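Here's the letter readout for the chains.
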Amino acid sequence: MIYSKGRTLNWLFILITAAVLTLSLSSPCFSASDYDDETPTPAKKTKKKISKEETFAYIKERCTVDNDNVETKDNVYLEGCMFISETKSNDGKYMHRRYAPLDKLNPESTNNGIWPSTNGTKFGLIANSVSYATKDEKPHVKFVVERPDDKYNSENMQNYGYFQCETEAKAAQAAKALKHLIKLCGGEKQKDLFDD
């Protein structure tokens with residue numbers, strides 16, 4: 001009888017131990033998140049902030065082009081937040097330049113491969129071009145043409161602009177960079193009455 005009583009106590013002890021272990025392992029104190037806190041995790045990646053100068057250098061690297069077939073050179077410049085694109089003939093007989101104040105541009109308007117028209121609709125497909133438009137569709141982009149031999153100078157204001165890059169792929173990269181540059185200089189999409 002003593003033997004069977006001890007056997008019963010052993011089973012009872014085992015049963016109570018199993019119940020306590022089951023309850024303690026399923027309790028919030030031992031949840032998976034606690035285990036996760038003990039194990040090292042890789043640091044979260046933070047996106048590097050790309051400066052205005054770095055962004056412009058990225059565009060310039062892709063969009064300074066010698067067009068040997070038409071004997072012109074395309075170049076871009078940045079003066080403060082004024083983005084300037086230029087096409088100049090190698091013989092100095094022709095030059096056109098666009099002065100675009102970046103804070104007046106819509107970052108969502110940057111496209112590669114499309115030339116816009118004066119009324120904002122898109123026309124023309126030039127694979128290695130980057131185009132942009134003003135945020136309020138008003139003419140803020142100064143377009144200057146000079147032909148010294150003909151003593152011809154022209155200046156007018158437009159609501160769009162474009163420039164060329166080395167290749168289609170580089171134009172796509174430059175369009176993304178221009179979007180970033182516009183935002184860095186305070187350009188934003190014009191809010192519509194029904195926008196959130």
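Scroll up for the structure.
Residues numbered from 1 in each chain as written. Predicted model: local features only at pLDDT ≥ 70, side-chain atom pairs only at ≥ 80, totals over all residues. Heavy atoms only, no water.

Comments concerning the overall build of the protein chain
Along the backbone of the protein chain there are four helices and nine strands. Reading the protein chain from its N terminus to its C terminus gives the helix and strand order α-α-α-β-β-β-β-β-β-β-β-β-α. Considering the protein chain as a whole, with its 196 residues, one finds that 32% of them fall into the buried category. Excluding contacts between residues fewer than 6 apart, the proportion of contacts in the protein chain whose partners are at least 24 apart in sequence is 56%. (Helix = DSSP H or I, 4+ residues; strand = E, 2+ residues; numbered from the N terminus. Buried < 20%, exposed > 50% of the residue type's maximum accessible area, 1.4 Å probe, protein only. Contact = heavy atoms within 4.5 Å.)

Re the environment of S85
By the secondary structure assignment, S85 is in strand β3 (residues 82-89). Spatially, the C-alpha atom of S85 lies 7.4 Å from that of D74, the residues being 11 residues apart in sequence. Here S85 is in contact with N75, V76, H96, R97, R98, Y132, Y162 and F163, once residues within four sequence places are set aside.

A closer look at the packing of aromatic side chains
Scanning all chains against the criterion turns up two aromatic pairs. Residues F56 and F83 carry aromatic rings whose centres are separated by 6.4 Å and whose planes lie at 75 degrees to one another, so their mutual orientation is edge-to-face. In this pair, F56 is assigned in helix α3 (residues 52-62) and F83 in strand β3, connecting sequence segments 27 residues apart. Here F56 falls in the buried class, since its relative accessible area comes to 12%. Relative to F163, the ring of F83 lies with its centre 5.1 Å away and its plane at 50 degrees, an arrangement referred to as tilted. Taken together, the residues span a long stretch of sequence, with F83 in strand β3 and F163 in strand β9 (residues 160-164) at a distance of 80 residues. With a relative accessible area of 4%, F163 lands in the buried category. One aromatic cluster in this structure is built from F56, F83 and F163. (Phe/Tyr/Trp six-rings, centres within 6.5 Å; stacked < 30°, edge-to-face > 60°.)

Concerning unusual backbone geometry
The backbone phi angle of E137 is positive, close to 65 degrees, even though this residue is not glycine. Along the chain, E137 falls in the loop between β6 (122-133) and β7 (141-147). Classification of E137 by relative accessible area gives exposed; the value is 59%. Despite not being glycine, K151 shows a phi value in the positive range, around 55 degrees. Residue position: K151 is located in the loop between β7 and β8 (152-158).

Details of the pairing of strand β4 (residues 95-101)
For a regular strand, side chains alternate in direction, first toward one face of the sheet and then toward the other. Among the seven residues of β4, five are classified as buried, and the element is accordingly described as predominantly covered. Both β3 and β4 contribute to a ladder of seven bridges, which runs antiparallel. Paired with T87 across the strands is H96, a residue of β4. What sits between the antiparallel neighbours β3 and β4 is a turn of five residues, in which G92 has the positive phi angle 80 degrees. The sheet contact formed by β4 and β7 spans five bridges and is antiparallel. Across the sheet, R98 pairs through a bridge with F143, a residue of β7. (Pairing = 2+ DSSP bridges.)

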